[in-house]
Amino acid sequence: MSIAPEQVEAPAADAVLFRSSPWRTFIAVFALLMISFGLVSPIVALMAGGTGNPWWQTALEAGSISALAAGGYAWSTRGALKTWIRMSSGGLEVAAQDSDPILLAWPDIAHVEVRRQGIRAVLEVTPIDLDRVHPVQDEGPGGPAMTETATGTAFTADLTEVWPGPRALRRELARRLPAA
């Protein structure tokens, strides 16, 4: 089990926290399913020659199905994986998909990118040297997932369920990163 951001002392007092939320996930999936149902149900009714049901019954069915599906996903294993990113003048902390948090001081970061990968937003943090990565605790599942990028080995974090969203994270990164 990952450490919650409240259990880790921030490296500086000016910390800004970005974290995943099952409620945000629930609302996003619920809205997506309701919109899909709203677009598809008239087509199905037209093809079937009309269902004979009043509109409110169709809306009630759509709401029930959407709430169950969104709730099931938001609190499922995948949806419940905690991700948090904290930025302060002391550096960048990342704990992605239930990993142990790591801390990188700003001078220890070679490259940071927030990019789209399909429908997901992904954070990639490339340290200057992996020896400069500071684990917040020594025991546990280990740091965030890593990938090879054009700039080197990078830590990755899925930002799809993080609030405030990727745009706010980009703005905070632009404010905090030393000028290139």
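Structure's up top.
First, a word on what this report is: a plain description of the structure on this page. Just so you know, these numbers come straight off a predicted model, no measurement behind them. (Residues numbered from 1 in each chain as written. Predicted model: local features only at pLDDT ≥ 70, side-chain atom pairs only at ≥ 80, totals over all residues. Heavy atoms only, no water.)

### A look at the sheet that holds strand S2 (residues 84-88)
Moving on, step 1. Here we have 6 strands laid out as an open sheet, ordered S7-S4-S3-S2-S1-S10, and antiparallel in their pairing. Unpaired on one side and paired on the other, strand S7 (134-135) and strand S10 (162-163) mark the two borders of the sheet.
Moving on, step 2. The pairing of strand S1 (residues 16-20) with S10 spans 2 bridges and is antiparallel. For arginine 19, the partnering residue across the bridge sits in S10 and is tryptophan 163.
Moving on, step 3. The sheet strands contacting helix H3 (residues 166-176) are S1 and S2, and the helix crosses S2 at an angle near 30°. (Pairing = 2+ DSSP bridges. Helix = DSSP H or I, 4+ residues; strand = E, 2+ residues; numbered from the N terminus. Contact = heavy atoms within 4.5 Å. Axes fitted to C-alpha atoms, helices over the stretch in contact; angles between N-to-C directions.)

### A word on helix H1 (residues 22-47)
Moving on, step 1. Between its first and last C-alpha atoms H1 spans 37 Å; for 26 residues at 1.5 Å apiece the expected length is 38 Å, and the two agree.
Moving on, step 2. Just past H1, the residue glycine 49 takes up positive phi, approximately 80°. (Expected span 1.5 Å × (residues − 1).)

### Focus on the packing of aromatic side chains
Two aromatic rings, taken as a pair, are described by how far apart their centres are and by the angle between their planes.
Moving on, step 1. What the rule picks out here adds up to 2 aromatic pairs.
Moving on, step 2. Plain terms: the ring middles of tryptophan 23 and phenylalanine 26 are 6.3 Å apart, the flat faces sit at 75° to each other, and that makes the pair edge-to-face. Taken together, the residues span about one helical turn, with tryptophan 23 and phenylalanine 26 both in helix H1 at a distance of 3 residues.
Moving on, step 3. Between phenylalanine 26 and phenylalanine 30, the ring centres sit 5.9 Å apart and the planes meet at 15°, which makes this aromatic pair stacked. (Phe/Tyr/Trp six-rings, centres within 6.5 Å; stacked < 30°, edge-to-face > 60°.)

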